[in-house]
Amino acid sequence: MGFELDGMGTLRRTHGCGVLRADHIGEEVVVAGWVHRRRDHGGVIFIDLRDREGLVQVVFKPEDAAQAHERAGSIRNEWVVLVRGRVDARSDDTVNAELATGAIEVTADEVRVLNTATPPPFPIEDPCDAAENVRLEHRVHDLRRPSMQHNLRLRHRLAQSARRTLGELGFSEIETPMLARSTPEGARDVLVPSRLQPGEFYALPQSPQIMKQLFMVAGFDRYFQIARCFRDEDGRADRQLEFTQIDLELSFCGVEDVLEVLEEVTARGCLEAGGLEVERPFQRIRYADAMARYGIDRPDTRISLELVDLADVFAHSGFRAFRAAVDAGGIVKCLPIPDAGALSRSEIDRLEGFVKKELGGKGLAWIRINADGGWQSPIVKFLSENEKEAIAERTGAGPGHLLFFQADEAARANAILARLRVDLGNQLGRHDGRAYDLLFVVDFPVFERDEAGGLTYVHQPFVAPVDEDIPLLWEDPEKVRGTHYDVVMNGVELGSGSLRNHRSDVQRRILEVMGYDEAAMEERFGFMLRALDAGAPPHGGFAFGFDRWVMVLCGADNLRDVVAFPKTQRGQDLLMGAPSPVSREQLEELSLRVIRPRKD
Ligand code: ASP
């Protein structure tokens with residue numbers, strides 16, 4: 001572009017731009033960064049210079065430094081410059097209270113242009129109103145924004161904190177292979193073709209689960225890793241194709257030992273990365289209670305609304321819609337909301353549309369209790385006096401209450417009411433105002449029914465049952481209680497873990513209940529079962545979804561705001577242009593041929 005660039009020469013940066021304060025007044029400084037904005041006030045030129053610490057105003061006065069002033073005249077946004085000058089107090093009328101450096105400015109003696117820059121695709125500021133795909137394509141500019149700098153530095157602090165805490169607690173950081181074999185988390189694998197073994201594939205790990213258990217058998221006692229994991233699931237705001245776990249495992253432990261470690265890592269992480277002092281011990285809630293009261297296994301208990309079970313009330317009801325759900329093995333549940341006068345009839349209709357269209361519900365039955373105590377509702381004519389009495393008593397409904405109902409399969413009814421509970425709770429001021437909500441969810445079952453009616457694992461197949469339930473594995477597996485636990489923060493699951501089966505007979509039986517025969521067991525888990533037989537100690541562990549935890553601490557609502565180079569919902573990296581086709585030669589080397597997807 002024909003612009004003569006300067007070098008840094010012997011000038012060394014003395015301060016970050018954003019760190020200068022009134023204490024520095026009178027000091028000679030050298031600052032460097034990106035030109036955030038330039039203002040030419042006919043004579044005096046101002047530049048806001050930005051680095052990771054923030055902005056500082058630099059002023060170029062023609063009478064004091066003619067050469068610097070002239071050079072500043074040609075500088076454009078996002079150019080990289082170095083300024084030597086003096087920190088001066090701003091005059092009272094120009095102090096900017098909004099800016100951390102707003103009490104001072106740097107009066108330039110010299111400016112050097114270290115690099116020019118093409119015009120940015122969008123202003124480098126928060127909030128950014130560029131479309132997300134534009135942000136992802138121009139990620140370098142996007143990452144320059146203060147919020148992204150903040151998020152990724154918080155991420156760094158959280159990683160450091162976890163490393164430090166786990167190190168102090170006696171955990172060794174050990175890496176596990178990326179090119180691995182399919183692991184049992186149940187998602188689709190990301191596969192990598194092998195050149196040396198034509199026709200065979202590695203699977204990128206969905207988690208280091210098996211490897212970390214092998215570390216315990218091998219006697220490392222306490223392991224952790226900040227591990228990359230890969231699950232080829234369809235993208236959602238809280239899922240990425242590749243993600244990071246703080247993965248850990250320990251030996252000779254019971255559930256309480258693991259929870260103690262988790263509490264320490266979580267509390268220190270929240271404080272050291274997010275400045276959030278959390279109360280200990282964490283609340284505990286049983287899985288069954290969470291489902292009953294909140295309809296979800298990761299409740300945000302700051303919202304002071306709870307669900308009420310009414311299945312028994314409608315077991316013999318004349319109201320067909322409700323009774324049919326109970327007859328079919330489903331549930332009838334109610335979300336009572338006090339003081340819900342603000343929710344208009346048209347909003348209720350809109351909610352019903354949302355429940356049907358977005359949440360797959362059959363409908364949204366409701367009852368409003370008027371100020372005079374009268375019941376207003378499209379369903380009230382179907383209810384008997386006894387049923388009305390039972391509803392009123394169980395839900396505590398009185399004037400001003402709005403009751404929402406779901407009568408459906410348990411999973412769907414709970415999911416819908418859980419969602420309404422949070423949305424309406426926030427909208428109608430039922431949030432108790434606590435800055436955070438942190439809890440352990442415990443006492444999950446080992447198995448649940450899958451869609452085909454068989455038994456499958458709730459978490460993963462290595463979860464150990466509680467000791468006294470081991471005989472039930474042979475007698476009544478569905479009743480077996482597991483040792484699984486989750487950490488939940490603000491309604492987001494930060495992570496999961498459990499004690500593991502260290503006895504191979506128990507592990508085999510669990511696989512058998514899930515429908516594995518001997519051959520399938522051997523094929524998928526043979527090496528693992530043999531390792532258990534090699535003298536596996538009792539062990540258990542956990543994995544934090546690191547990205548999610550960062551997201552919660554940042555107050556972000558999208559994982560892509562806490563990952564440096566994330567993928568779109570369609571699994572694309574718009575910056576690098578990945579995935580991309582490869583050459584015929586590369587395919588041939590891998591003994592692969594591409595079957596082009598049909599365009600339709
Ligand atoms: N491997 C498990 C997961 O990724 C976590 C654990 O149980 O340690 O969900």
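Going by the structure above, here's the rest.
Cut-offs used in this document
Residues numbered from 1 in each chain as written. Predicted model: local features only at pLDDT ≥ 70, side-chain atom pairs only at ≥ 80, totals over all residues. Heavy atoms only, no water. Buried < 20%, exposed > 50% of the residue type's maximum accessible area, 1.4 Å probe, protein only. Helix = DSSP H or I, 4+ residues; strand = E, 2+ residues; numbered from the N terminus. Pairing = 2+ DSSP bridges. Expected span 1.5 Å × (residues − 1). Contact = heavy atoms within 4.5 Å. Axes fitted to C-alpha atoms, helices over the stretch in contact; angles between N-to-C directions. Near = heavy atom within 4 Å. Polar contact = N/O pair within 3.5 Å; in protein donor to acceptor, adjacent residues only side chain to side chain. Areas by Shrake-Rupley, 256 points an atom, 1.4 Å probe, with all protein chains shown as cover. Patch = residues over 30% accessible without salt bridge, like charges linked within 9 Å, V, L, I, M, F, W, Y side chains within 5 Å. Salt bridge = Lys/Arg side-chain N within 4 Å of Asp/Glu carboxyl O. Arc of directions from axis to C-beta. Phe/Tyr/Trp six-rings, centres within 6.5 Å; stacked < 30°, edge-to-face > 60°.

Peer 1: Quick one: what's the story with the pairing of strand S9 (residues 222-230), residue by residue and with numbers?
Peer 2: Of all the 9 residues making up S9, 7 are buried; the element is thus mostly covered by neighbouring parts of the structure. Note that strand S6 (residues 172-173) and S9 share 2 bridges and pair parallel. Opposite glutamate 173, over in S9, you have phenylalanine 224 as the bridge partner.

Peer 1: Outline helix H11 (residues 410-427), listing residues and values.
Peer 2: Spanning 18 residues, H11 covers 25 Å between terminal C-alpha atoms, matching the ideal 26 Å at 1.5 Å per step. Listed as buried for H11 are Ala413, Asn414, Ile416, Leu417, Ala418, Leu420, Arg421, Leu424 and Gly425. Buried residues along H11 sit against helix H7 (287-294), strand S13 (331-337), helix H9 (345-357) and strand S16 (402-408). Positive backbone phi, approximately 70°, marks glycine 429, located one or two places after H11.

Peer 1: Describe the sheet that holds strand S3 (residues 54-60), naming the residues involved and giving the relevant values.
Peer 2: Read around the barrel, 5 strands follow the order S1-S2-S3-S5-S4 and close on themselves; strand pairing throughout is mixed. Taking each pair of neighbouring strands and ignoring which way they run, the sheet shows an average axis angle of 55°. For strand S1 (residues 28-41) and strand S4 (residues 80-89), the ladder comprises 7 bridges, and the chain directions are antiparallel. Within S4, the residue paired with glutamate 28 across the bridge is arginine 86.

Peer 1: Lay out the site of the ligand with the relevant residues and their values.
Peer 2: Close to the ligand lie 13 residues, the nearest being Gln209, Lys212, Arg231, Gln245 and Arg500. The side chain of arginine 231 places a nitrogen or oxygen atom 2.9 Å from an oxygen atom of the ligand. Isolated, the ligand exposes 270 Å² of accessible area, and the fraction of that covered by the protein chains is 93%. Every element with two or more residues in the shell around the ligand is listed here: helix H5 (209-217), strand S21 (492-499) and strand S22 (539-545).

Peer 1: Give a detailed account of a nonpolar patch on the surface, specifying residues and quantitative values.
Peer 2: Taken together, the side chains of Val140, Phe565, Leu575 and Met576 present a nonpolar region at the surface, about 410 Å² in accessible area. Taking the relative accessible area as the measure of exposure, leucine 575 reaches 36% and is therefore partly exposed.

Peer 1: Let's hear about helix H10 (residues 385-395): which residues, and what values?
Peer 2: Residues spaced three or four apart along an α-helix face the same direction, because each turn holds 3.6 residues. The complete set of buried residues in H10 reads Glu387, Lys388, Ala390, Ile391 and Thr395. Mapping the buried residues of H10 onto a view down its axis gives an arc of 160°, with all of them on the same face. Relative to its buried face, H10 has exposed residues pointing more than 90 degrees away, namely Glu385, Asn386, Glu389 and Glu393. Taken together, the buried residues of H10 touch strand S12 (308-309), S13, strand S15 (375-376) and S16. Glycine 396 lies just past H10 and shows a positive phi near 65°.

Peer 1: Can you tell me about the packing of aromatic side chains, naming the residues and giving the values?
Peer 2: Enumeration over the complete set of coordinates arrives at 14 aromatic pairs. Ring plane angle 85° and centroid distance 5.7 Å describe the contact between phenylalanine 462 and phenylalanine 525, whose orientation is recorded as edge-to-face. Here phenylalanine 462, found in the loop between strand S19 (455-457) and helix H12 (472-475), pairs with phenylalanine 525, found in helix H14 (residues 518-533); they are 63 residues apart in sequence, far enough to count as distant. Residue classification places phenylalanine 462 among the buried residues on the basis of a relative accessible area of 1%.

Peer 1: Tell me what's going on with the sheet that holds S12, and back it up with residues and numbers.
Peer 2: With respect to topology, 5 strands assemble into an open sheet ordered S12-S13-S16-S14-S15, the strand pairing being antiparallel. The open sheet has two free edges, formed respectively by S12 and S15, since each of these has just one partner strand. Where S12 and S13 come together, 2 bridges link them in antiparallel fashion. Looking across to S13, one finds that valine 308 is bridged to cysteine 334. Here H11 sits on the sheet in contact with S13 and S16, set at roughly 5° to S13.

Peer 1: Just give me the short version of the side chain of histidine 539, but keep the residues and values in it.
Peer 2: With respect to the secondary-structure elements, histidine 539 resides in strand S22. Accessibility expressed as a relative area gives 2% for histidine 539, which makes it buried. Once residues lying within four places of it in the same chain are set aside, the contact partners of histidine 539 are Gln213, Met216, Glu249, Leu250, Ser251, Cys253, Leu499, Arg500, Asn501 and His502.

Peer 1: Outline the pairing of S22, supporting the account with residue identities and numerical values.
Peer 2: With 7 of its 7 residues buried, S22 lies for the most part within the structure. Here S22 shows two buried faces, one formed by His539, Gly541, Ala543 and Gly545 and the other by Gly540, Phe542 and Phe544. Alignment of strand S10 (residues 242-251) against S22, held across 7 bridges, turns out to be antiparallel. Looking at the pairing, serine 251 lines up with histidine 539 of S22. With 5 bridges joining them, S21 and S22 adopt antiparallel strand pairing. For serine 496, the partnering residue across the bridge sits in S22 and is alanine 543.

Peer 1: How would you explain the environment of leucine 511 if you had to name every residue and give the values?
Peer 2: Mapped onto the secondary structure, leucine 511 falls in helix H13 (residues 504-513). With 224 residues separating them along the chain, leucine 511 and tyrosine 287 place their C-alpha atoms 23 Å apart. Sequence-distant contacts of leucine 511, that is, excluding residues within four places in its chain, are made with Pro461, Tyr516, Met521 and Phe525.

Peer 1: Lay out the pattern of salt bridges with the relevant residues and their values.
Peer 2: Under the counting rule described, the total for this entry stands at 57 salt bridges. Put simply, aspartate 6 and arginine 71 hold a salt bridge, and the shortest N to O gap is 2.9 Å. One end of the pair, aspartate 6, is in the segment before S1; the other, arginine 71, is in helix H1 (residues 66-72), and 65 residues separate them in sequence. Close ionic contact of glutamate 272 with arginine 268 constitutes a salt bridge, the shortest N to O distance being 3.4 Å. With glutamate 272 and arginine 268 both in helix H6 (residues 255-274), this residue pair falls 4 residues apart, about one helical turn.

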